[in-house]
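# A closer look at the structure
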Amino acid sequence: MFRRTFWFSSGVAAGVWATTKVNRKLKQLTPENLAVTAANKAIETGARIKDRAVGFALDVRDNMAQREAELTDALGIREDPELPAPRRVAAIENTTYTTKSHKTHSYNRNEDH
């Protein structure tokens, strides 16, 4: 009698356990849950790629500065070149044209009335 009770309760426990596992898996496979899971994975992957890209860009910048220093040492270029003064556009400096010499028009339409 004890044996039958043991095997019966073991079967019931295994059935409850299996049913619970199947229901959890079915809830994980709903379209909404799959969409949320895919979005989370995409966000994690994007963050990882961004971190790697930023690290790569920083490495490139550091190595570029190091290589530039090596080249300036090898070529003997040490002083900064003097930049030319900024140029002005000729139209800005043109003083022959003034607005006073030309007739100005008023855009006020109520002026004639």
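All of the points below concern the structure found in this document.

Parameters and conventions
Residues numbered from 1 in each chain as written. Predicted model: local features only at pLDDT ≥ 70, side-chain atom pairs only at ≥ 80, totals over all residues. Heavy atoms only, no water. Helix = DSSP H or I, 4+ residues; strand = E, 2+ residues; numbered from the N terminus. Areas by Shrake-Rupley, 256 points an atom, 1.4 Å probe, with all protein chains shown as cover. Salt bridge = Lys/Arg side-chain N within 4 Å of Asp/Glu carboxyl O. Buried < 20%, exposed > 50% of the residue type's maximum accessible area, 1.4 Å probe, protein only. Phe/Tyr/Trp six-rings, centres within 6.5 Å; stacked < 30°, edge-to-face > 60°. Patch = residues over 30% accessible without salt bridge, like charges linked within 9 Å, V, L, I, M, F, W, Y side chains within 5 Å. Lys, Arg positive; Asp, Glu negative; His and termini not counted. Charge placed at Lys NZ, Arg CZ, Asp CG, Glu CD. Expected span 1.5 Å × (residues − 1).

## Topic: the overall build of the protein chain
Each helix and strand counted, the protein chain has three helices and zero strands in total. Reading the secondary structure of the protein chain in the N-to-C direction produces α-α-α. Per element, the accessible surface of the protein chain, about 11700 Å² overall, is 60% carbon and sulfur.

## Describing the pattern of salt bridges
All told, the structure shown has one salt bridge when counted by the stated rule. With a shortest N-O distance of 3.3 Å, E70 and R67 are connected by a salt bridge. In this pair, E70 and R67 are both assigned in helix α2 (residues 31-75), three residues apart and thus about one turn of the helix distant. Overall, the relative accessible area of 38% leaves E70 in the partly exposed class.

## Quick word on the packing of aromatic side chains
Applying the stated criterion to the full structure yields one aromatic pair. Geometrically, the ring pair formed by F6 and W7 is edge-to-face, given 5.1 Å between the ring centres and 70 degrees between the ring planes.

## Digging into a nonpolar patch on the surface
A cluster of nonpolar residues, F2, F6 and W7, forms a patch on the protein surface that exposes about 450 Å² of accessible area. Take F2: it is sitting in helix α1 (residues 2-28).

## Some points on a positive patch on the surface
Together, K21, R24, K25 and K27 line one region of the surface with positive charge. Residue position: R24 is located in helix α1.

## A few points about α2
If you check α2, its first and last C-alpha atoms are 64 Å apart, about what 45 residues at 1.5 Å a residue would give, namely 66 Å. Of the residues flanking the end of α2, it is G76, one or two places downstream, whose phi is positive at about 75 degrees.

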